[in-house]
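Summary of the model geometry
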Amino acid sequence: MYRVRPITPSPTGGEKLRAHLARTGQERDFPDLKVEAAFAFGAFDGAELVGHISVAVRSVEIPPCRPAPILELTVKTFREAAGGDHLEGFVQTFAVEEAHRRRGLGRRLQRAALGECRRRSLYQMRSWSSLDSPANYGLKLALGFAVHPGYDYVARLDKWVPGVFFIKKL
């Protein structure tokens, strides 16, 4: 029987989270978690953490892009046009271990995060995925996220990576 419950995303925190991140290949992202403004949910099979989602609360930003015509719209201009500083939940990391997929855990984790974003009265929830995540694409589309193709700068690779931003207005 699987359970989804809040967990604390902390770089100094739990061995269960560290082990899970290692099993899902996301330990590389662990030091980058913005824990001061984050919340997270874990999916548990008994006592074992088998899935997670971590979300940072931040100002809505213009998605980064590669050739930069959109960057001429400064953050200040964007905030003025939007009528102020809106907050969003931005998914930092999300994974369900391979052996536990196709059981609704990803959907439950995403819904828990969406619920927390709504509880905090955030404007939207957004995430970015590289082009190698077709299962994630299907999940996000089924949950009603809009799709915005684009690039994201991945610092550990020191390059722009093509992918998709998923955005859901709350």
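Residues numbered from 1 in each chain as written. Predicted model: local features only at pLDDT ≥ 70, side-chain atom pairs only at ≥ 80, totals over all residues. Heavy atoms only, no water.

**A look at the pairing of strand S7 (residues 159-169)**
Side-chain positions along a regular strand alternate between the two faces of the sheet. The pairing of strand S5 (residues 124-130) with S7 spans 7 bridges and is antiparallel. Counted as the bridge partner of Met 125 is Lys 168 from S7. Direction of pairing for strand S6 (residues 146-154) relative to S7: antiparallel, over a ladder of 9 bridges. The partner of Ala 146 across the bridge, within S7, is Ile 167. If you look at the hairpin formed by S6 and S7, you'll find 4 residues sitting between the two strands, and Asp 158 has a positive phi there, around 55°. (Pairing = 2+ DSSP bridges. Helix = DSSP H or I, 4+ residues; strand = E, 2+ residues; numbered from the N terminus.)

**Considerations on the confidence of the model for the chain**
Chain-level statistics for the chain give a pLDDT mean of 81 and a share of 76% at 70 or above. Confidence, expressed as mean pLDDT per element, reaches its minimum in the chain at helix H2 (residues 75-82) with 56 and its maximum at helix H3 (residues 105-119) with 97. (pLDDT = per-residue confidence, 0-100.)

**As for the pattern of salt bridges**
Within the structure shown, the criterion is met by 7 salt bridges. Across the pair Glu 48 and Arg 23 runs a salt bridge, and its minimum N-O distance is 3.7 Å. Of the two residues, Glu 48 is situated in strand S3 (residues 48-59) and Arg 23 in helix H1 (residues 15-23); the sequence distance between them amounts to 25 residues. Across the pair Arg 23 and Glu 97 runs a salt bridge, and its minimum N-O distance is 2.8 Å. Of this pair, Arg 23 sits in helix H1 while Glu 97 sits in the loop between strand S4 (87-96) and H3; the two residues are 74 residues apart in sequence, bridging distant segments of the chain. Judged by relative accessible area, Arg 23 falls into the partly exposed class, the value being 43%. (Salt bridge = Lys/Arg side-chain N within 4 Å of Asp/Glu carboxyl O. Buried < 20%, exposed > 50% of the residue type's maximum accessible area, 1.4 Å probe, protein only.)

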